[in-house]
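Residue-level structural notes
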Amino acid sequence: MRTIKIVFISLVLSVCTFAQTQAPATENKKRVSLDRSLEPSISEEISSLFENVVAVQRKAKVKSGKFIFAPYLSFDFSDSPQTMYAANLNLGYAAGEFWEIYFNYVPAYVNNERSISKKVRQLPAYPDGTVPFLYVEKAKNSYGIEVNWIPVYGKDSWGPYGIVRSDTFLNIGFSRINYEVHNAYKTKLALGKTFFISDYWNLRLQAGGSFMETFNQEKKEVIVIGLLEGGFVYYF
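Bear in mind the structure is a predicted one, so any value in this text is a computation, not a measurement. (Residues numbered from 1 in each chain as written. Predicted model: local features only at pLDDT ≥ 70, side-chain atom pairs only at ≥ 80, totals over all residues. Heavy atoms only, no water.)

**Examining the overall build of the protein chain**
Counting secondary structure elements, the protein chain contains 2 helices and 9 strands. Counting the 236 residues in the protein chain, one finds 32% classified as buried. Counting only contacts in the protein chain whose residues sit at least 6 apart along the sequence, the fraction spanning at least 24 positions is 60%. Total accessible area on the protein chain is roughly 16100 Å²; 64% of this is exposed by carbon and sulfur atoms. (Helix = DSSP H or I, 4+ residues; strand = E, 2+ residues; numbered from the N terminus. Buried < 20%, exposed > 50% of the residue type's maximum accessible area, 1.4 Å probe, protein only. Contact = heavy atoms within 4.5 Å. Areas by Shrake-Rupley, 256 points an atom, 1.4 Å probe, with all protein chains shown as cover.)

**Details of the side chain of T194**
Mapped onto the fold, T194 is located in strand β7 (residues 183–196). Polar side-chain contacts of T194 include one of 2.8 Å to the side chain of R204. Not counting chain neighbours up to four residues away, the residues in contact with T194 comprise R165, S166, D167, F169, N202, L203, R204 and V233. (Polar contact = N/O pair within 3.5 Å; in protein donor to acceptor, adjacent residues only side chain to side chain.)

**Focus: the nonpolar core**
Formed by 13 residues in total, the largest nonpolar core has its most connected members in M84, Y109, A139, I177, Y179, M212 and I225. Of all the elements in the fold, those that place two or more residues in this core are β2 (82–94), β6 (162–179), β8 (201–216) and β9 (219–235). The element best represented in this core is β9, accounting for 3 residues. Membership of the second largest hydrophobic core comes to 7 residues, among which are A70, A94, V233 and Y235. (Core = buried A, V, L, I, M, F, W, Y, C linked by side-chain atoms within 4.5 Å.)

**Focus: the packing of aromatic side chains**
Counted under the stated rule, the structure contains 10 aromatic pairs. When the centroid spacing of 5.2 Å and the interplanar angle of 55° are considered together, the rings of F67 and Y93 count as tilted. Taken together, the positions of F67 in strand β1 (residues 67–77) and Y93 in strand β2 put the pair 26 residues apart, joining distant regions of the chain. An aromatic cluster is present here, built from F67, Y93, W201, F232, Y234 and F236 joined pairwise through their rings. The ring centre of F169 lies 4.9 Å from the NZ or CZ of R204, which sits over that ring. (Phe/Tyr/Trp six-rings, centres within 6.5 Å; stacked < 30°, edge-to-face > 60°. Lys NZ or Arg CZ within 6 Å of the ring centre and 35° of its normal.)

**What to know about the pairing of β8**
By the bridge criterion, 10 bridges tie β7 to β8 in an arrangement that is antiparallel. Looking at β8, one finds that F195 is bridged to L203. Hairpin connection, β7 to β8: the antiparallel pair is bridged by 4 residues. Between β8 and β9, which pair antiparallel one after the other, the connecting turn spans 2 residues, and Q217 there sits at a positive phi close to 50°. (Pairing = 2+ DSSP bridges.)

**With respect to the pattern of salt bridges**
This structure, assessed with the given rule, holds 6 salt bridges. Notably, a salt bridge pairs E229 with K188, separated by 3.1 Å at the nearest N-O pair. Here E229, found in strand β9, pairs with K188, found in strand β7; they are 41 residues apart in sequence, far enough to count as distant. Summarising the burial analysis for this pair, E229 and K188 share the class buried. E213 is the salt-bridge partner of K220, the closest N and O atoms lying 4.0 Å from each other. When its relative accessible area of 18% is taken as the criterion, E213 is described as buried. (Salt bridge = Lys/Arg side-chain N within 4 Å of Asp/Glu carboxyl O.)

What is shown is where atoms sit, not what they do.
See the structure below:
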């Protein structure tokens, strides 16, 4: 009888020991299980593992506190009787990483009469002696201020291996134009990019529009012109 009790007690202890050793194993198995949805997949799509990863790169150039020289050429597109080409000389200062202030000066304008204006000029005079065209004063020079707001910076891919860092800016300008007889004003709004090619000279392109006052035989008119501008930028 004593032998049977000893065998029974040994059997109970063995069952309890087995249960205790198996329970933690099951619990640990649940604890170390992986979230398979984060496993990178072999495909061209970005895995969900990187969906919330954000990388902000450094700026290509620290501009704050630097003086700037930015010469550029300006071409206008409008229905005016003449096209105005201008060589702009901008001297500026970077008041911060996001603001640049310029003094804008155009020493001379190149005024080309459009072909349609030349054809109208060749028409005969009206019976009352008046001519079928108006004389438009030519712009001589101008000066004013321009402000660049630079909220975006990044990089652009040029070909399969070339990367050029750049800034994207909004350009606002106000200037006074001196015509042959009269004076007038011009406002400008443009969007552009600066490409940082080297430590010294950098490329700048911008496009936008302008409201400009003109004079047709003593009569002042406000016209809207499109602008395409390009040049270089030097920070020092």
